[in-house]
Amino acid sequence: MSASGGTKAIVAALSANLAIAVAKFVAFLFSGSSSMLAESVHSVADSGNQGLLLLGGKRAKRQATPEHPFGYGRERYIYAFLVSIVLFSVGGMFAIYEGYEKIKHPHEIEAWYWPVGVLVFAIIAEGYSFRTAIAESNQTRGKLSWTEFIRRAKAPELPVVLLEDFGALVGLVLALGGVGLALGTGNGVWDGIGTLCIGVLLIAIAIVLAAETKSLLLGESAGVEDVEKIKASVVDGDTVTRIIHMRTLHLGPEELLVAAKIAVRHDESAAEIADAINAAEARIRAAVPIARVIYLEPDIYNERAAAAGTNPGKNPDEPATPDEPAASDAPDASATPEAPGGTGTGGGTGSRTAPGAGASSETGASSPSPAASDASAPRDDSGH
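Conventions we followed
- Residues numbered from 1 in each chain as written.
- Predicted model: local features only at pLDDT ≥ 70, side-chain atom pairs only at ≥ 80, totals over all residues.
- Heavy atoms only, no water.
- Buried < 20%, exposed > 50% of the residue type's maximum accessible area, 1.4 Å probe, protein only.
- Helix = DSSP H or I, 4+ residues; strand = E, 2+ residues; numbered from the N terminus.
- Arc of directions from axis to C-beta.
- Contact = heavy atoms within 4.5 Å.
- Patch = residues over 30% accessible without salt bridge, like charges linked within 9 Å, V, L, I, M, F, W, Y side chains within 5 Å.
- Areas by Shrake-Rupley, 256 points an atom, 1.4 Å probe, with all protein chains shown as cover.
- Salt bridge = Lys/Arg side-chain N within 4 Å of Asp/Glu carboxyl O.
- Lys, Arg positive; Asp, Glu negative; His and termini not counted.
- Charge placed at Lys NZ, Arg CZ, Asp CG, Glu CD.
- Phe/Tyr/Trp six-rings, centres within 6.5 Å; stacked < 30°, edge-to-face > 60°.

How would you explain helix α8 (residues 224-234) if you had to name every residue and give the values?
Helical geometry note: an α-helix holds 3.6 residues per turn, so side chains three or four residues apart project in the same direction. Buried residues of α8: V227, I230, S233 and V234, and no others. What you see down the axis of α8 is that its buried residues fit within an arc of 130°, all on one side. Every exposed residue of α8 that faces more than 90 degrees away from the buried side is listed here: V224, E225 and A232. Where α8 is buried, its residues touch β1 (240-252), β2 (255-264) and α9 (270-287).

So, in structure tokens, the structure goes:
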């Protein structure tokens, strides 16, 4: 999702909610309807939520610092999580309290044309905001269903606005139904029941938003399509023969970290490996532009070690496939390859280690020796 697309949907929702909040408060003052009061608070909470999303988007653009070397992209997730809290506490809990009080102490609605007229206006305004959010979401949703889009989206703004607008429209219908039944029956309890239903709806939406943004805060990998593009980009079939294992992590909605251990030919020089790493980084960025932080660690692939444990090139929990063909240039397990020097840094993405040049950040293995490379020696799960 582009930042501009999310901002457009947020601004449309903010404008609609501010106008609706004022109209609802006026209707409440003239009619005394608890549904209108609950809806007024709901609109104020939604307006505050859109303000939080805009603030989060602005703060996420700050440059990286020594204290936060990967930048502030996750601020957008934090503020989206705050939205769910505001929606739950201010919107949902207040509506439930107000609905309970109105059921316990019902009173007749006065000046019925105020709440009915404002609710109709609010439905039109919220419908416009919802339509804008749908149009912006369709630009990035692709073939995903709406449920899949909300669950898989890495940018939180559009799912938040979509759920808020959907909840607002349903809430308005519930409020209109409560007011209508209260007017038709002369029993103000129906107004309280409508208010109670609005509170339950808002809490349900807040829980969904909290669950999804919590997953983003914990750190999600790249989508399936991006992972496949990265895998296809890394291997060149010449110097880089395979991916031993790879991990991806979203540092923000539009910034991806890629870390991979790659198999290289054992007889390549350090300079050739460094060139191959730089070329692989360039291919990854061309295929997945949001892959801005890339760490590639070269190593020698050993088929028997990989078959003895988990195959890190696949899902960590998936058993290895011993009959998987090895790289054509994989050395014999008892051979001791000559250790080239370190490759240094390529493309400004961070330090990397050539085979045998030093300790691995994941395995802690030192430069190979006959004992270390022997098939009987203990090996880690990365196929070394």
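This is not the end of the story, as more comes after the structure.
Account for a nonpolar patch on the surface, with residues named and values stated.
Where nonpolar side chains cluster on the molecular surface, the patch consists of L29, F30, W112, Y113, W114 and L183 and spans about 670 Å² of accessible area. Where the nonpolar patch is concerned, the elements lending two or more residues are α1 (3-31) and α4 (113-141).

Tell me about the pattern of salt bridges, and please be specific about residues and values.
Where charged atoms from two side chains of opposite charge come close, those side chains can pair. Per the counting criterion, the structure on display carries 10 salt bridges. The closest approach of N and O atoms between R62 and E75, which form a salt bridge, is 2.3 Å. Of this pair, R62 sits in the loop between α2 (34-59) and α3 (75-104) while E75 is found in helix α3, placing the two residues 13 residues apart along the sequence. Since its relative accessible area comes to 33%, R62 is described here as partly exposed. Here E297 and K261 are joined by a salt bridge, their closest N and O atoms 3.8 Å apart. Taken together, the positions of E297 in strand β3 (residues 291-299) and K261 in strand β2 put the pair 36 residues apart, joining distant regions of the chain. Judged by relative accessible area, E297 falls into the buried class, the value being 13%.

I'd love a proper account of a negative patch on the surface, names of residues and values included.
Side chains of D236, D238, D267, E272 and D275 sit close together on the surface and give a patch of like negative charge. Looking at the element boundaries, D267 is found in the loop between β2 and α9. Looking at D267, the relative accessible area reads 57%, which means it is exposed.

Which residues make up the packing of aromatic side chains, and what values go with them?
Tallied over the full model, the rule gives four aromatic pairs. For the pair F30 and W114, a centre-to-centre distance of 4.5 Å together with 10° between the ring planes defines the contact as stacked. On the criterion of sequence distance, the pair formed by F30 in helix α1 and W114 in helix α4 is long-range, its members being 84 residues apart. By relative accessible area, which is 45% here, F30 ends up partly exposed. Here W114 falls in the partly exposed class, since its relative accessible area comes to 31%. With a centroid separation of 6.0 Å and an interplanar angle of 75°, the aromatic rings of W112 and Y113 are classed as edge-to-face.

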